[in-house]
Amino acid sequence: MRDSKKTNILLAMAGAAVLFASSPVLAQETEAPAPATAEATTEAPATDAAAVTPAEEATTEEASGGHGGESLTPMKMFNDSGIVVKVVMAGLLVASIFTWVVLIIKLMEFGSLNSKTNRFLESFRGARSIADMRKIATSDEFDGNPLADMAAAATEEVELSRQAGLSVTGEHRDATITRASTAVAAVQAGLAGRVSGGQQFLASTGSSAPFVGLFGTVYGVMNSFIGIAESNTTNLAVVAPGIAEALLATGIGLFAAIPAVIFYNYFNTRISAYGIRSDGFAAELLNAISRQLDKGA
């Protein structure tokens, strides 16, 4: 009996222990540490992200070629370019400045030339003799004017013929006109050189500046590709600045060449127009001298 009672007591104690272990309170206490683990899991990516972000920023900054997100301005591209490209761009800028200086000088020159020519023609057409023509042509007011020089050369030839004792009228009239015409032609031969100053510079700049700029671009692009090969990357942030700096040379070359070509054509037209005007005056001058010789003046 006692053994049976002991056995029953042990069984009862074991059952109570099983019930006590499976109760909800114990289950909650056992599962309580789980949120801490979840929090640790949730916080881990944040720590990793914080650790990775500086590295990514450093990699991005390194890949950008050290530009640090700065915008590429023409001045910055000029400063960052190589010495050869800088020399090319500086030379083209100087040529462009001289092109505009030539424009201003020649505009003033042609303005003065046409104004003085108009005044001379007005005075010349009022002359009544060859001596009056010569006096007007050699006056200080019209000094250096091409048409005045033509009239001075023709009238001086007539005067020299007279001083040499030659007859300038009658049957010798044609010979006198021929000598006067030759003197006028000699002055006209130098007319193109006198009014075409600066044209050679404009022509040279207009024809060669694009090729000089292209040389700078080719040299700069070659350096950019060498840098790409050395850095072993094709990232656009690394490639773009060098190519942009190289292309700036071509842009400056066109900036110098286009105005030079326009100015050259413009002044070439004005020179041709003045040449036509001088041809007309030469005919007018010889006719006036011929009339005065027929009058015996």
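Residues numbered from 1 in each chain as written. Predicted model: local features only at pLDDT ≥ 70, side-chain atom pairs only at ≥ 80, totals over all residues. Heavy atoms only, no water.

Caption draft 1: Here's a closer look at the overall build of the protein. Summing up its helical and strand segments, the protein has 11 helices and 0 strands in all. Reading the secondary structure of the protein in the N-to-C direction produces α-α-α-α-α-α-α-α-α-α-α. Put simply, the protein has 297 residues, and 30% of those count as buried. Looking at the protein alone, contacts between residues at least 24 apart form 83% of all its contacts between residues at least 6 apart. Taken as a whole, the protein presents about 17800 Å² of accessible surface, with 64% of it coming from carbon and sulfur. (Helix = DSSP H or I, 4+ residues; strand = E, 2+ residues; numbered from the N terminus. Buried < 20%, exposed > 50% of the residue type's maximum accessible area, 1.4 Å probe, protein only. Contact = heavy atoms within 4.5 Å. Areas by Shrake-Rupley, 256 points an atom, 1.4 Å probe, with all protein chains shown as cover.)

Caption draft 2: A look at the nonpolar core. Ranked by internal contacts, the top residues of the largest apolar core, which has 41 residues, are Phe120, Phe124, Phe281, Leu285 and Ile289. Mapped onto this core, the elements with two or more residues apiece are helix 5 (83–124), helix 6 (130–137), helix 7 (146–163), helix 8 (173–189), helix 9 (191–195) and helix 11 (236–294). Considering each element in turn, this core owes the most residues, 11 residues, to helix 11. Those residues in contact with Ile289 that lie beyond four places of it in its chain are Ile130, Met133, Ala154, Thr155, Val158 and Ile177. (Core = buried A, V, L, I, M, F, W, Y, C linked by side-chain atoms within 4.5 Å.)

Caption draft 3: Structural detail: the packing of helix 6 against helix 7. Two elements in contact, helix 6 and helix 7, have axes separated by 8 Å at closest approach and are oriented at 135°. On the basis of their axis angle, the class for helix 6 and helix 7 is oblique. The handedness of the crossing between helix 6 and helix 7 is left-handed. Facing helix 6, whose interface residues are Ile130, Met133, Arg134 and Ala137, helix 7 presents Ala148, Ala151, Ala152, Thr155, Glu156, Val158 and Arg162. Of the residues in the contact of helix 6 with helix 7, the class split is 7 nonpolar, 1 polar and 3 charged. (Axes fitted to C-alpha atoms, helices over the stretch in contact; angles between N-to-C directions. Parallel < 35°, antiparallel > 145°, perpendicular 65-115°, else oblique. Left-handed = near helix turned anticlockwise from the far one by under 90°. Nonpolar A, V, L, I, M, F, W, Y, C, P; charged D, E, K, R; others polar.)

Caption draft 4: The arrangement of the pattern of salt bridges in detail. Counting across every chain of the model gives 7 salt bridges. The partner of Arg125 in a salt bridge is Glu284, with the nearest N and O atoms 2.8 Å apart. Placement of Arg125 in the loop between helix 5 and helix 6 and of Glu284 in helix 11 is noted, with a sequence separation of 159 residues between them. Judged by relative accessible area, Arg125 falls into the exposed class, the value being 52%. (Salt bridge = Lys/Arg side-chain N within 4 Å of Asp/Glu carboxyl O.)

Caption draft 5: Examining helix 7 more closely. The end-to-end C-alpha separation of helix 7 is 25 Å, in line with the 26 Å expected for 18 residues at 1.5 Å each. For helix 7, the complete set of buried residues consists of Pro146, Leu147, Ala148, Met150, Ala151, Ala152, Ala153, Ala154, Thr155, Val158 and Ser161. The N-terminus of helix 7 is capped by Asn145, whose side-chain oxygen sits 3.1 Å from the backbone nitrogen of Leu147. Downstream of helix 7 by one or two residues, Gly165 has phi in the positive range, about 85°. (Expected span 1.5 Å × (residues − 1). Polar contact = N/O pair within 3.5 Å; in protein donor to acceptor, adjacent residues only side chain to side chain.)

Caption draft 6: Representation of the packing of aromatic side chains in the model. Taken as a whole and assessed by the stated rule, the structure comprises 9 aromatic pairs. The interplanar angle of 80° and the centroid separation of 5.1 Å between the aromatic rings of Trp100 and Phe263 together place this pair among those described as edge-to-face. In this pair, Trp100 is assigned in helix 5 and Phe263 in helix 11, connecting sequence segments 163 residues apart. By the ring-pair criterion, three or more aromatic residues cluster together here, those being Phe120, Phe124, Phe142 and Phe281. Positioned over the ring face of Phe267 is Lys106, at 5.6 Å from the centre of the ring. (Phe/Tyr/Trp six-rings, centres within 6.5 Å; stacked < 30°, edge-to-face > 60°. Lys NZ or Arg CZ within 6 Å of the ring centre and 35° of its normal.)

Caption draft 7: Local environment of the environment of Thr176. Position of Thr176 relative to the elements: it lies in helix 8. The class for Thr176 is buried, based on a relative accessible area of 1%. Remark: the alpha-carbon pair of Thr176 and Glu157, spanning 19 residues in sequence, is separated by 8.1 Å. Residue contacts for Thr176: discarding those within four places in its chain leaves Val158, Ser167, Val168 and Leu293.

Caption draft 8: The arrangement of a nonpolar patch on the surface in detail. Judged by side-chain polarity, Phe211, Leu214, Phe215, Val218, Tyr219 and Met222 come together as a nonpolar surface patch covering roughly 600 Å² of accessible area. As for its placement among the helices and strands, Phe211 is situated in helix 10 (residues 199–231). (Patch = residues over 30% accessible without salt bridge, like charges linked within 9 Å, V, L, I, M, F, W, Y side chains within 5 Å.)

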